[in-house]
Amino acid sequence: MFLCKTKPTDKWLDAQCDGTAALHTLPACMTLCDLKNDHYYQLVIVDVPMFDFDVKPKLKVYKGTNLVSEQHLPGIPCAVESLYINDQEPRTPIIAVAVESSVLFYRNMKPYYKYTIPSMTVEPLEIDVWKKLPIERGDALDALIDSLRSIEPTQMTLQTQELLGLPESERGGYIKANAERKLERLSIVTAMTSIKKASTDPKAASCLILATESGELLLLDTQAFVVLAQAKVGPFQGTPSMISASGQYDVDYRVVIATREGSLYLLRKGWLAGQHIVKLEAPAAGLSLLPIDQTIVVVCMNQSLLCYSKKGKKLWTVRLPQPAVCMTPVCLPHLGINLVCVGLKGGLVQFYSQKKLVDQFYAPESVSALTFGRLGQEEHVLILVTIDGSLIVKILKRTAAFVTTENIYDTKSATEEADEPPGNLQIPKKTKIFVEQTLREKEHAATIHNSFQSELWRMRLTTARATVDVINSADSNMSTVDVGLAPLKLAAEVLGLGPVFKLFLILENISTRKEATGLNVLIQADHRHYIVERPYQRLPMLVPGAPIRLDFRVTVTVEPADGLPPVDLTPENSCIKVLVFKTGQAKPLIASTVVMPQPEPQIINSF
């Protein structure tokens, strides 16, 4: 453990740096999560062996720069994501690792589930040839193998590709060993990301988005492990290499895909194929869909940083001093800005607010992967992995402010500073913060307004859905006000020790002038547990201010031999339903649940 010798910066603290970590990873194989649900965030990273191909990759967990656990992986993954599969307590995250055709899920760093993407159709010619291969010999066998070459390589199964790549002397043994093997054509997961399912809460349930080699995009429900939506990357054949997404599955979401062919595609909810946005001049080294203004930032291998709108219009471009290696978004909600952090060859790390350079520093070596988020108990932490395997942790100062000028490194000379008139007004710190906040709101007024409107409509939608659910279920002790019917209020009381109980219902018309007629009361109970005398009653007219009291005799069914209640009668299912409905209507006005007490054993044994 030692301090990094980087160029000093007034915005970042050199927290930790481990030059002996010997980490080699990919930009998409790092994630930060509250692994033990103790509000202490840890780093989960994949260590890929660079020189020894016999060594398997490892999934490692770091607490700060200390290695606390590791898991062997069956192959080199393309991406790692941390997410939550449900909203139940305790909130324990799931680590998803995309390896070849599968996604491995880990809970508490132990194998939890393995999901394999759906298989694709196999060519009928390939199936027919593999049925004949074990029984053919000589020239007929060679003719069958040559007929397989008429199939497109992208449409072949891996088994056929391996057969065609073998010399003639080894084909017989391979066919004999794989004659009974089922032909299956699986694609490869090339990129992965996640979006929230319904809420924007950091620990809300999420869905996985998988991009495959065949150009398919799968949206996976991580609770039931089923495909919620499936779409093509674009109208043209393309292999996705990077994806970035924002939004929620239940509301609306957007996915931006960068392909190996150098194209950008945009996919929205309900689309069956992505829309082509733009053809890039060079392959992408980093991609990010910024959450607030929904702009697309791409860093390319020709030393350019580009920004596009959702319709493919180029908003700005920046020429970088060195080729880019990786990129990550830096979201700072407390400052109201979204930055983009770009790692360049040679160790230079730059931060851009739109097209303006706002900060930079040097790492000891070129950065191969970086990520930004919460680590430990710090909210704004930048983690860098260099090409020599060093692990660097930097913390953003709480007093850091990013000045969005054209060139933050154009400082005044000493002569110009000496020429300034003495006695400048000293502005108080609070006033300076207020002025900066005002200027920031004026500059980003449209973005702030759009964000506020989006949250407002989301709150209204959630409220409306909850209201509709209550109205449809009628599960309450109060009825909704319907046309021509007064609102009602129901109260229930259970008396007795068992096995015989008295259920008293008090029904009241809480309107001021309307009367309620044609009402009925029905008691629903499991006949295996309870017997209700006169479960159905017609009610007289209810006038305001005159509640009526009804009583029902409820008896617990007991075993004749020992006088005990059924063994499956537990406190969880010992309840009955009280329905109040109007004659001629199927939907109840009130559907209230009454929890019945457990009968006393002493009283039961005395019967």
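### Looking at the overall build of the protein
Along the backbone of the protein there are 8 helices and 36 strands. Rg of the C-alpha trace for the protein: 33 Å, well past the compact-globule value of 25 Å for 607 residues, more than 25% over. C-alpha extents for the protein along the principal axes are approximately 100 × 90 × 45 Å. Taken across its 607 residues, the protein has 45% of its residues classed as buried. Long-range contacts, defined as pairs at least 24 residues apart, comprise 50% of the intrachain contacts of the protein with a sequence gap of at least 6. Element-wise, carbon and sulfur atoms account for 55% of the exposed surface of the protein, whose accessible area totals about 32200 Å². Considering the protein, the positive charge centre built from 63 side chains and the negative charge centre built from 64 side chains are found 5 Å apart.

### Re the environment of Gln223
Its place among the elements puts Gln223 in the loop between strand E12 (216–221) and strand E13 (226–232). For Gln223 and Ile85, which are 138 residues apart along the polypeptide, the C-alpha to C-alpha distance reads 5.3 Å. Each residue touching Gln223, except ones within four places of it in the same chain, is listed here: Ile85 and Asn86.

### Things to note about the pairing of strand E35 (residues 575–582)
Judged from the 6 bridges that link them, strand E31 (residues 519–524) and E35 form a sheet pairing that is antiparallel. Residue pairing in the sheet places Ile523 in a bridge with Val578 of E35. The pairing of E35 with strand E36 (residues 590–595) spans 6 bridges and is classified as antiparallel. Bridging from a neighbouring strand, Lys577 pairs with Thr593 of E36.

### A short note on the sheet that holds strand E29 (residues 488–495)
Judged by pairing direction, the sheet is antiparallel, and its 4 strands sit side by side in the order E29-E30-E34-E32 without closing on themselves. The sheet is open, and its two borders are formed by E29 and strand E32 (530–532), each paired with just one other strand. Neighbouring strand axes in the sheet, compared pairwise and without regard to direction, differ in orientation by 25 degrees on average.

### Description of the pattern of salt bridges
As enumerated under the stated definition, the model contains 16 salt bridges in all. As a salt-bridge pair, Arg149 and Asp146 come within 3.6 Å of each other at their nearest N and O atoms. Judged by its relative accessible area of 46%, Arg149 falls in the partly exposed class. Here Arg528 and Asp526 are joined by a salt bridge, their closest N and O atoms 2.8 Å apart.

### A closer look at the state of the cysteines
In total, this model carries 0 disulfides according to the counting rule given. In this structure Cys207 is a free cysteine whose sulfur lies 18 Å from that of Cys78, the closest cysteine sulfur available. Cysteine Cys300 remains unbridged, with the sulfur of Cys307 as its closest cysteine sulfur at 12 Å.

Cut-offs used in this document
Residues numbered from 1 in each chain as written. Predicted model: local features only at pLDDT ≥ 70, side-chain atom pairs only at ≥ 80, totals over all residues. Heavy atoms only, no water. Helix = DSSP H or I, 4+ residues; strand = E, 2+ residues; numbered from the N terminus. Rg over C-alpha atoms; globule rule 2.2 N^0.38 Å. Buried < 20%, exposed > 50% of the residue type's maximum accessible area, 1.4 Å probe, protein only. Contact = heavy atoms within 4.5 Å. Areas by Shrake-Rupley, 256 points an atom, 1.4 Å probe, with all protein chains shown as cover. Lys, Arg positive; Asp, Glu negative; His and termini not counted. Charge placed at Lys NZ, Arg CZ, Asp CG, Glu CD. Pairing = 2+ DSSP bridges. Axes fitted to C-alpha atoms, helices over the stretch in contact; angles between N-to-C directions. Salt bridge = Lys/Arg side-chain N within 4 Å of Asp/Glu carboxyl O. Disulfide = S-S within 2.5 Å.

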